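Remarks on the overall topology
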Amino acid sequence: MERKKYVIVMAAGSGTRMGGDMPKQFLELDGKAILRRSIEVFLAACPDVTVVTVLQEPFVGIWKNYCLTSGFHCPQVIAKGGITRFHSVRNALAKIPDGAVVAVHDGVRPLVTPELVRRMFVECEAVPALVPVVPCVDTMKVLRKENAGDGAAASLCEVEGARVDRELLYAAQTPQMFHSEVLREAYSQAYDMAFTDDASVVSAHGKKLSFTIGERFNIKITSPDDLVLAEAVVRMRKG
Ligand code: C5P
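Before going into details, it helps to say that this report is about the structure given with it. (Residues numbered from 1 in each chain as written. Predicted model: local features only at pLDDT ≥ 70, side-chain atom pairs only at ≥ 80, totals over all residues. Heavy atoms only, no water.)

Next up on the list: the overall build of the chain. Looking only at helices and strands, the chain features seven helices and twelve strands. Radius of gyration (C-alpha) of the chain: 19 Å, near the 18 Å computed for a compact globule of 239 residues. Structurally, the chain occupies a C-alpha span of about 55 × 40 × 40 Å along its principal axes. Relative to its 239 residues, the chain shows a buried fraction of 46%. Restricting the contact set of the chain to residue pairs at least 6 apart, pairs at least 24 apart contribute 74%. Averaged over its 29 positive side-chain charges, the chain has a centre that lies 3 Å from the centre of its 28 negative ones. (Helix = DSSP H or I, 4+ residues; strand = E, 2+ residues; numbered from the N terminus. Rg over C-alpha atoms; globule rule 2.2 N^0.38 Å. Buried < 20%, exposed > 50% of the residue type's maximum accessible area, 1.4 Å probe, protein only. Contact = heavy atoms within 4.5 Å. Lys, Arg positive; Asp, Glu negative; His and termini not counted. Charge placed at Lys NZ, Arg CZ, Asp CG, Glu CD.)

Structure follows, in structure tokens:
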């Protein structure tokens, strides 16, 4: 029997790199909140998906009000944000039963396509953990920040002998998808600062990851430059 589908949409970050008071997930991209766009992709891909939105307490009212006034009538389970992304995911998992496929998606990745989401939900029926990745196109340097002292800005220096083979490097994106009981078990581990995504939590718990090719435009909106790029992609897709 097919597993029931859930998506945890991560929107409890403070995201101040954009400037301003509003975390980036609530900023508008071509007339709609970035968070709304991120959720809408899942609804377009799988209308039967259950949406769990993770928010910090002070933003729950703001988000509910936005949904009401902007006509976004999507049923959502709200989970409380934690001190780190790890703790936020753990809170959201309490709302999800075993035996499901759960996608964990950054609320600031609104450009993922319904095609990728649909394909991943199908692929994840057969594997416990599925991660979208894109090959690294730039040459990578291993550098460390060196502080000159006297309050001068740190300069970047090569770490001697450290080289990485670009052929081996891929950037991980979201949504990452998991069998819910596998993700829950992995998240019963103690928190480690090395956990930067859900795949790293599952991998540290000894589960094998499967990979699928993601999308170049599925960017995480973290800076004003990303927003400019995202506006251009949305315009291009509108035709
Ligand atoms: O901080 P980072 O860019 O890795 O955040 C990725 C996603 O995780 C964002 O969508 C952010 O809102 C979310 N997040 C969260 N709870 C936190 C920190 C980040 O839901 N405590």
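Back to the text.
Bringing the packing of aromatic side chains into the picture now. The tally for this structure, following the rule as stated, stands at seven aromatic pairs. Ring centres 5.4 Å apart and planes at 15 degrees place the aromatic pair Trp 63 and Tyr 66 in the stacked group. Linking Trp 63 with Tyr 66, this pair stays in helix α2 (residues 57-70), spanning three residues, or about one helical turn. In terms of burial, Trp 63 and Tyr 66 fall into one category: buried. Consider the rings of Phe 86 and Tyr 191, whose centres lie 5.3 Å apart with planes at 50 degrees: the pair is tilted. Of this pair, Phe 86 sits in helix α3 (residues 85-93) while Tyr 191 sits in the loop between α5 (180-186) and α6 (198-204), placing them 105 residues apart in sequence. Taking the relative accessible area as the measure of exposure, Phe 86 reaches 3% and is therefore buried. The class of Tyr 191 is partly exposed, set by a relative accessible area of 36%. Of the aromatic side chains, those joined through ring pairs into one cluster are Phe 26, Phe 59, Trp 63, Tyr 66 and Phe 72. (Phe/Tyr/Trp six-rings, centres within 6.5 Å; stacked < 30°, edge-to-face > 60°.)

On to the pattern of salt bridges. In the structure shown here, the tally under the stated rule is 13 salt bridges. For the salt bridge of Lys 238 with Asp 30, the shortest nitrogen-to-oxygen distance reads 2.6 Å. Taken together, the positions of Lys 238 in helix α7 (residues 224-238) and Asp 30 in the loop between β2 (28-29) and β3 (32-33) put the pair 208 residues apart, joining distant regions of the chain. Put simply, Asp 106 and Arg 85 hold a salt bridge, and the shortest N to O gap is 3.2 Å. Pair noted here: Asp 106 is in strand β6 (residues 100-106) and Arg 85 is in helix α3, with a separation of 21 residues, a long-range link. Owing to a relative accessible area of 26%, Arg 85 belongs among the partly exposed residues under this scheme. (Salt bridge = Lys/Arg side-chain N within 4 Å of Asp/Glu carboxyl O.)

Another aspect to go through is the pairing of strand β1 (residues 4-10). Counting buried positions along β1 yields six of seven residues, so the element is predominantly enclosed. Two elements, β1 and β6, share seven bridges in a ladder whose sense is parallel. Directly across from Val 9, in β6, lies its bridge partner His 105. Where β1 meets strand β4 (residues 50-55), five bridges bridge the pair, whose relative direction is parallel. Residue pairing in the sheet places Val 7 in a bridge with Val 51 of β4. (Pairing = 2+ DSSP bridges.)

Our next topic: the site of the ligand. In the region of the ligand, 15 residues are neighbours, and Met 10, Ala 12, Gly 13, Gly 82 and Ser 88 sit closest. Contact between the ligand and Ala 12: an oxygen atom at 3.0 Å from a main-chain N or O atom of the residue. Within the backbone of Arg 85, one N or O atom sits 3.4 Å away from a nitrogen atom of the ligand. For the ligand, whose accessible area on its own is 460 Å², the fraction buried by protein is 83%. Residues belonging to the shell around the ligand are distributed by class as follows: five nonpolar, six polar and four charged. (Near = heavy atom within 4 Å. Polar contact = N/O pair within 3.5 Å; in protein donor to acceptor, adjacent residues only side chain to side chain. Areas by Shrake-Rupley, 256 points an atom, 1.4 Å probe, with all protein chains shown as cover. Nonpolar A, V, L, I, M, F, W, Y, C, P; charged D, E, K, R; others polar.)

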